[in-house]
Amino acid sequence: GQQVMQIPQYQHVQEGEDFTTYCNSSTTLSNIQWYKQRPGGHPVFLIQLVKSGEVKKQKRLTFQFGEAKKNSSLHITATQTTDVGTYFCAGDQTGANNLFFGTGTRLTVIP
Amino acid sequence: DTAVSQTPKYLVTQMGNDKSIKCEQNLGHDTMYWYKQDSKKFLKIMFSYNNKELIINETVPNRFSPKSPDKAHLNLHINSLELGDSAVYFCASRAGGKTQYFGPGTRLLVL
């Protein structure tokens, strides 16, 4: 069945360091979405990528969708304490109305 | 206005009890979901409803039963609660291929 894995599962960084989480799907995706869940909160949509090789930026966050549309990454430059939380990728299979969520990466930022 | 709401926010109960969690969305979405999030933060999909029809049931014990009186509501009823049912339960809704919106979560603790 469909599997979406993320690495690392946990990441601790000093404030100001960069951070990257990687997302890998066992099948080709029609699109990839990224969500952020703050501690005690619920997942909130960040961005959607649709095209092969697409790169999008949101301030210090850079999102990339792989050429084969099976992997994605989220890179945060110069982390801040407000970046703390769990980041999930989620992918759509073509023709399915069900997002397959990744296993998540929990980011801790040490002041 | 809250897009996806859940009640209650916290639920503490004894093993063996039956409980329900309610979910409502005011986004006009056709599909609603229930997720279980464990202590490791994995988001496990339990059910989805599309136009009042159950379309996914991911090997969830039959003690869990979703009930949808209309397309804006998807309630979750749990019979004979067990210790392992303790988790955070999220309701979500989505229009096909687009952003998924999560409710604030219900923190269930079974004693």
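Thresholds, definitions, all that
Residues numbered from 1 in each chain as written. Chains lettered and ligands numbered in written order. Predicted model: local features only at pLDDT ≥ 70, side-chain atom pairs only at ≥ 80, totals over all residues. Heavy atoms only, no water. Helix = DSSP H or I, 4+ residues; strand = E, 2+ residues; numbered from the N terminus. Rg over C-alpha atoms; globule rule 2.2 N^0.38 Å. Buried < 20%, exposed > 50% of the residue type's maximum accessible area, 1.4 Å probe, protein only. Areas by Shrake-Rupley, 256 points an atom, 1.4 Å probe, with all protein chains shown as cover. Salt bridge = Lys/Arg side-chain N within 4 Å of Asp/Glu carboxyl O.

When its secondary structure is counted, chain B shows zero helices and eleven strands. Ordering the α and β elements of chain B from the N terminus gives β-β-β-β-β-β-β-β-β-β-β. Here the C-alpha radius of gyration of chain B, 13 Å, is about what a compact globule of 111 residues would show, namely 13 Å. Taking the principal axes of the C-alpha coordinates as reference, chain B spans close to 35 × 25 × 25 Å. Sorting the 111 residues of chain B into buried and exposed places 46% on the buried side. Of the accessible surface of chain B, which amounts to about 5400 Å², a share of 50% is contributed by carbon and sulfur atoms.

It is worth spelling out the pattern of salt bridges at this point. Within this structure, the stated rule accounts for six salt bridges over all chains. The closest approach of N and O atoms between Asp 92 of chain A and Arg 94 of chain B, which form a salt bridge, is 2.4 Å. One end of the pair, Asp 92 of chain A, is in strand S9 (residues 85-92); the other, Arg 94 of chain B, is in strand S9 (residues 87-94), on a second chain. Arg 94 of chain B carries the same exposure label as Asp 92 of chain A, and that label is buried. With a shortest N-O distance of 2.8 Å, Arg 63 of chain B and Asp 85 of chain B are connected by a salt bridge. Here Asp 85 of chain B lies in the loop between strand S8 (73-78) and S9 and Arg 63 of chain B lies in the loop between strand S6 (53-57) and strand S7 (64-70), a separation of 22 residues in the sequence. With respect to burial, Arg 63 of chain B and Asp 85 of chain B carry one shared label: buried. Within this structure, Arg 63, Glu 82 and Asp 85 of chain B form a network of salt bridges that share partners.

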